[in-house]
Each structure stands twice: as C-alpha cells, then as structure tokens.
Amino acid sequence: MKTRDPAALTGATEADAWRTRDLAVVWHPCTQMKEHPDTMPLVPIRRGRGAWLEGVDGTRYLDAVSSWWTNLFGHAEPRIAEAIGAQARELEHVIYAGFSHEPGLLLAEALVAKAPPGLTRVFYGDNGSAAVEIALKMSFHSHANHGDARRTRFIALGNGYHGETLGALSMGDIPLYRRIYAPLLLEPLFAPSPDAYEAEPGESPEACALRRADQLEALFAANEGQVCALIVEPLVQCAGGMRMYHPAYLRRAREICDAHGAHLIADEIAVGFGRTGTLFACEQAGISPDFLCLSKGLTGGFLPLSAVLTTAAVYDAFLDDSRERAFLHSHSYTGNPLGCAAALASLAIFDSDDVLARNRGRAARMAALAAPLASHPNVAQVRQTGMVLAFELTADGVGRTPYPSADRRGLRAYRHALSRGVLLRPLGDVLYWMPPYCVGEDELGHLADVTATAIEEATRP
Ligand SMILES: *Cc1c(COP(=O)(O)O)cnc(C)c1O
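Note that this is a predicted model, so its numbers are computed, not measured. (Residues numbered from 1 in each chain as written. Predicted model: local features only at pLDDT ≥ 70, side-chain atom pairs only at ≥ 80, totals over all residues. Heavy atoms only, no water.)

Caption draft 1: Spotlight on the layout of surface pockets. By volume, the second largest pocket amounts to about 760 Å³. Taken together, 28 residues make up the lining of the second largest pocket; nearest its centre are Tyr96, Val122, Phe123, Phe327 and Thr334. Elements with a minimum of two residues in the lining of the second largest pocket: helix H4 (102-114), strand S4 (119-125), strand S12 (306-311) and helix H10 (312-316). A total of 4 residues in the lining of the second largest pocket trace back to one element, the largest contributor, which is S4. (1 Å grid on protein atoms, 1.4 Å probe; cavity = no way out; pocket = protein on both sides within 12 Å on 5 of 7 lines; lining within 4 Å. Points joined across faces, edges and corners; volume = space filled by probe spheres on them. Helix = DSSP H or I, 4+ residues; strand = E, 2+ residues; numbered from the N terminus.)

Caption draft 2: The arrangement of the sheet that holds strand S3 (residues 60-63) in detail. Strand order in the open sheet formed by 4 strands is S1-S2-S3-S15, with mixed pairing between adjacent strands. Each end of this open sheet is capped by a strand with a single partner; those strands are strand S1 (45-49) and strand S15 (422-423). (Pairing = 2+ DSSP bridges.)

Caption draft 3: Geometry of the domain arrangement of the protein. With domains assigned, the protein is organised as domain 1 (43-73 + 355-459) and domain 2 (80-352). For domain 1 and domain 2, the distance between their C-alpha centroids amounts to 27 Å. For the domain 1 and domain 2 pair, buried surface summed over both sides reaches about 2,300 Å², with 63% attributable to carbon and sulfur atoms. By the criterion of area lost to domain 2, the three top residues of domain 1 are Trp69, Phe73 and Thr385, representing 25% of everything that side buries. At the junction of domain 1 and domain 2, the tally comes to 1 salt bridge. In terms of residue count, the dominant contributor to the side of domain 1 that touches domain 2 is strand S13 (residues 379-385) (5 residues). Of the residues belonging to the side of domain 1 that touches domain 2, the class tally is 16 nonpolar, 9 polar and 3 charged. (Domains from an automatic or database assignment. Buried area = accessible area lost by both parts, 1.4 Å probe. Salt bridge = Lys/Arg side-chain N within 4 Å of Asp/Glu carboxyl O. Nonpolar A, V, L, I, M, F, W, Y, C, P; charged D, E, K, R; others polar.)

Caption draft 4: Inspection of unusual backbone geometry at higher detail. The step from His36 to Pro37 runs through a cis peptide bond, and the omega angle for that step is -5°. Secondary-structure assignment places Pro37 in the loop between helix H1 (11-25) and S1. Even without being glycine, Trp68 reaches a positive phi, approximately 60°. The residue Trp68 is located in helix H2 (residues 66-69) in this model. Positive phi, close to 50°, is recorded for Met242, a residue that is not glycine. Exposure remark for Met242: the relative accessible area of 0% places this residue in the buried category. (Buried < 20%, exposed > 50% of the residue type's maximum accessible area, 1.4 Å probe, protein only.)

Caption draft 5: Structural context of the nonpolar core. In this structure, Leu230, Met242, Phe273 and Trp433 are the most contacted members of the largest nonpolar core, which totals 109 residues. The biggest single contributor to this core is helix H11 (residues 337-352), with 8 residues. Two domains share this core, each providing at least three of its residues, namely domain 1 (43-73 + 355-459) and domain 2 (80-352). The residues touching Leu230, leaving out its near neighbours within four places in the chain, are Ile155, Leu157, Leu216, Phe220, Ala253, Cys257, His263, Leu264 and Ile265. (Core = buried A, V, L, I, M, F, W, Y, C linked by side-chain atoms within 4.5 Å. Contact = heavy atoms within 4.5 Å.)

Structure (structure tokens):
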C-alpha cells in the first residue's frame, strides 16, 4: 500500500486526506467516533505557538482550553522544549527502582519546597488517573499497616471527577462517564458537592460550603472507623462543569478528616500550578492535605507525568522488614527523566517570569471581558476562580432551568467557535476559558468576541 508522509500534508485538500486516513485507523479519546466527520470536524494540527494551534490547512485556533488543561505557558515553549532535548541527549529513561537520576531528585526537592507544609515525600506516576490510584492505594495500605484494616471506604464528592481508570473512575460522580461501568467499580460514599451554584436562594457561597461540610461530617459519623480518605478537587470541580466552591469547605474538611482519623486527598491535577490564582488551590484554605495529586500542568503541558506528594506519617507507615508492608506499586515509566526535566523547566518559569503576579492582571482582564455577557438572557451565571472562568447557559437564564441535554447546545458553541478560530470545548452547556498563561490582551479580546457570538449561536431557539 502506498502511504504518504503526514508532514507533506498541507492545505485544504490535504487536510481532508489526513482526516480520511486518521479516521480509518485512530480511535480518539472521549469521542463518539460516529460523530466524525459530520457532526464533529476532526482538526489536524501541524504546530503550536504560544496560545495558538495551527492546522495543516493553515487555519489558526486560539487554544482557550489549554489543550485539556495541560498547557501552562503556551505551545512549544522554547525553554521547556530545550530542557527536554538536553535531557534526551543525556538520559531518556532508567528503571526507577533501585536507581536515581538528577531530574527526578531535583523535581522532588522543588515540589516539596513549593507544596503546602508537611508534604515531604514524592511518588511519581505517569498520568493523572495513575496519581489518583496511587493515593487511594497508599491511603488504604497505610491504615492497614497501622493495623486498621477496617478502613476500606472512601468518601468522594457529588459532581466530582478523578480520572478514567477503574479506581479513579469509581471516585467520580459524572454519570456520562461512570454509569456504564458501575458494576465494575468501587463504591465510595458520596457527600454532596459544596458547589456554590447549587446554593439555596440567598445563601452565600460560604454558608453553602459550611452546610455541605456539616453533611460531610454526618456521613463520616455514620461510617465511623471505616473511611480511609476523603478525596476532593479543591475549589473547582473542573470536569463537572467548572463548578466552584468556597475555601471554607476545605478548612472544615481538613478538621473533619482529622477528627475521624481519615486522610484528605487533594486532587489538584487540574487546578494545580496556578490555575486558581495560587500555585496550589489548597493554599487558599490554608490547609495541607495528606496526599496532593499533580499532573496535567506539571510538565507545562509537554509530557505525561504525575506526582503524589504525601506526609512523613504516611511514608513511615510503610517502613518495615516485610516487603508486603512496602508500597510495591510501579509504572514502567515511573519518574521518567524527560518528564521531570520538563517539569523543572516549567517550575523555573513560574519564578523567572513572576507568573502568578502577572496572572492576577490577566484574571482581572478576563473578568472585565466576561462581565457584559452575564446579562445575556440565557446566561445563568458567570463564575471565576483565578484563571478559570465559566459561563453557565440555561433555558431561562437565572431561572436555572437546564436545556435538554439532547439539544447539544455546547456542541453548537464548539462548532461556531472553531469556525471563528477559537478552540472552546464546552462541558455540556458550560462554556469556559482556561487559557495558557501567555495569552495576551488582544487574544483575550478575540476570545470574548467569539464567546459572545458562540453564546448567541448556542442559545438560538
Ligand atoms: C484530568 C483529571 C484527572 C485524570 O488525569 P489523566 O491524566 O487524564 O488521567 C484526574 N483528576 C482531575 C481533577 C482531572 O481533571
């Protein structure tokens, strides 16, 4: 069979040829493949620069979702690219059991130095779901090593999301992803989400959070001595529609976990690395979790890598003469040096470019640009936490009656935005901005213009 080099594919007809070849062999993630190519266009991308992606036909797309929340400083960021290249020429990978390497060591030191106090140990994984699996297993196992094998349950939050592997999926509460696999999954206890969108009329976000924390406490009390850990996405439930909640919930959750001898797992896979305004979201509540799960932005969006940070208390529970008491979990690519080198370069940019301070200006600009859209008759809420901003579309605006999901309003917005050169990928009927931090004034202006027309398009009768 005659094949062609994809690099030679350019221009519109070439883009079509590419699509045909791709759809003949590739199974894309999180996609009903039957919707390709008609309902959903497949977009072949040739290169990325800054906040922009460039298609093989030359069309440019502003990446308003940071390519699934992974990218921090723009595509092909030269300093990170350089660090990966240099590392690849020295050591691409080495078994991490019994062996050590510089990027792995330096990254662990850097993460411990930047993380909330008390998180003094780093265990590497290679994606976010793996980090969640690691935290769940470590929590259970450390209780067991303390002779407390009755703790076999986890508490997770309504509307939460923690990944797609069976254990991580078990902790999630998004029916679209979970329902079909339910017979295979662990059954956590679900506590109601502290989501401020679901507050009672007139109730403040803080009061809502505290009311939900009381319900969390009741759930712990009803299952005394059986809970390993509570797992939460701090401040923003991202996959659940960028739902946001008050940090008071995290403070109370920390106290409740302590009172009931359970761990707190903070899944900051999406919200970590500055998305919420602080380097880690937990900082805004002034708490330290027992486990901090990191991935996505960890490498600046370049390579799959994850890290689970934990405490000396958890770590010490595994030290023993018996191998069975050790944490025998491993992935072939644990501590991959290329990923660690990318992560180190990414962390260095936070310091050299004063990223968090500059993002405060960007976040304020995002708020100002989004404000006029809040009065649209079908916008129920515009909400923001740092560099994450979301528009909740409903059939009657502030009445909060959801559109029938079969309407696929978000898909209309997606297609419209794509035709105007913006990658907006709504979650159901929630449009959101989660751009790379390099996004400029003009780009944000363009994003706001296209979002305004995308909302028009999505809410047309
Ligand atoms: C994306 C995500 C995960 C899963 O990470 P993957 O690398 O996609 O497996 C877990 N938790 C949260 C909060 C996420 O947003």
